[in-house]
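# Tertiary structure, described
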Amino acid sequence: MRAIAHELIALLERLAALGPLPRVKRLLLPPPGADGTHAGEFCAVELDDGSLGLSFVLLGDTLAQLRGGAGERLAAMPALELARCYAESEGVQRTLGFAAVNALTRHLFDRAGYAPPAAQGSTGDLALQPGDHVGMVGLFPPLVKQVLATGARLTVVELREDLVGAHEGWHVTLDPAELRGCNKVLSTSTVLLNDTLDALLGHCRGAERIALIGPGASCLPDPLFERGVTLLGGSWIADAEGFKNALLAGTSWSGCARKTAIARDAWPGAAALLARAASVQR
């Protein structure tokens, strides 16, 4: 079930073989005043080289546990040790592990001199057009109108039963098997945390494009691309100080980051970035 997580850790182990990796500096959490807003949905792990990695905190009681002290004593922990929790632990520790995976990915990108391309739109660069049948995993209300405006049909797969229902041009279902009729799929990156990704991709074998998007979609994309994902859309923090101040204050940090879109056919590959990082190390 967690083959992707283990493959991501294996890639980071190759990075560690090049020399010492940074340690965790601290965990940043949104304040209670941000609850119910987009600014309250993510935590960040900061490494001692300044690298930042995000992770979604609204699964189960993760945020409550973090505020209760579950994230204490992270300072000075080897970042790779924390990252391994993504593959080996559950709940809050897995959430923190994924944030560390993303932070170490940013560390690699910076060492290799790689910056992901900017996203060209909010729909995962799916190039939507009339006749498309779009599968949306996780309801993105602001994107529904955008999808329908292209003339495409829309099927939304949700975990929340209260959202199920039919609407003009689109409907919400609990059945992921309905994705089998979709030629393009747009998924929340939360599937990287809630153990639904493998099953999701199993229903998308007929899709010509599959995009995973969200601030947490900032890991190395290789294991995802190998399984049929065609685009990974995350967030690139351009103003680290502004981002940290905004997250801790519970205000919008969108102005401190840009949306990215790494396409499978344009990705240089983790091996190439590791080689560049090794060259810099020498």
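This text goes with the structure placed above it.
Residues numbered from 1 in each chain as written. Predicted model: local features only at pLDDT ≥ 70, side-chain atom pairs only at ≥ 80, totals over all residues. Heavy atoms only, no water.

## Considering the sheet that holds strand 1 (residues 24-28)
The strand order across the open sheet formed by 3 strands is 1-2-3, and the pairing between neighbours is antiparallel. Two strands in the sheet have a free side with no partner beyond their single neighbour: strand 1 and strand 3 (52-56). Sheet twist, expressed as the average angle between the axes of neighbouring strands with direction ignored, equals 20°. Pairing of strand 2 (residues 42-47) with strand 3, which is carried by 5 bridges, proceeds in the antiparallel orientation. Residue Phe 42 lies in a different strand from strand 3, and its bridge partner there is Phe 56. (Pairing = 2+ DSSP bridges. Helix = DSSP H or I, 4+ residues; strand = E, 2+ residues; numbered from the N terminus. Axes fitted to C-alpha atoms, helices over the stretch in contact; angles between N-to-C directions.)

## Considering the pattern of salt bridges
Under the definition given, this model contains 11 salt bridges. Here Glu 46 makes a salt bridge to Lys 25, at a shortest N to O gap of 4.0 Å. Note that Glu 46 is positioned in strand 2 and Lys 25 in strand 1, a separation of 21 residues in sequence. Across the salt bridge formed by Arg 67 and Asp 35, the nearest N and O atoms sit 2.9 Å from each other. Pair noted here: Arg 67 is in helix 2 (residues 62-70) and Asp 35 is in the loop between strand 1 and strand 2, with a separation of 32 residues, a long-range link. Accessibility expressed as a relative area gives 32% for Arg 67, which makes it partly exposed. Here Asp 35 falls in the partly exposed class, since its relative accessible area comes to 41%. It is possible to trace a salt-bridge network through shared partners that takes in Lys 25, Arg 26, Glu 46, Glu 241 and Lys 244. (Salt bridge = Lys/Arg side-chain N within 4 Å of Asp/Glu carboxyl O. Buried < 20%, exposed > 50% of the residue type's maximum accessible area, 1.4 Å probe, protein only.)

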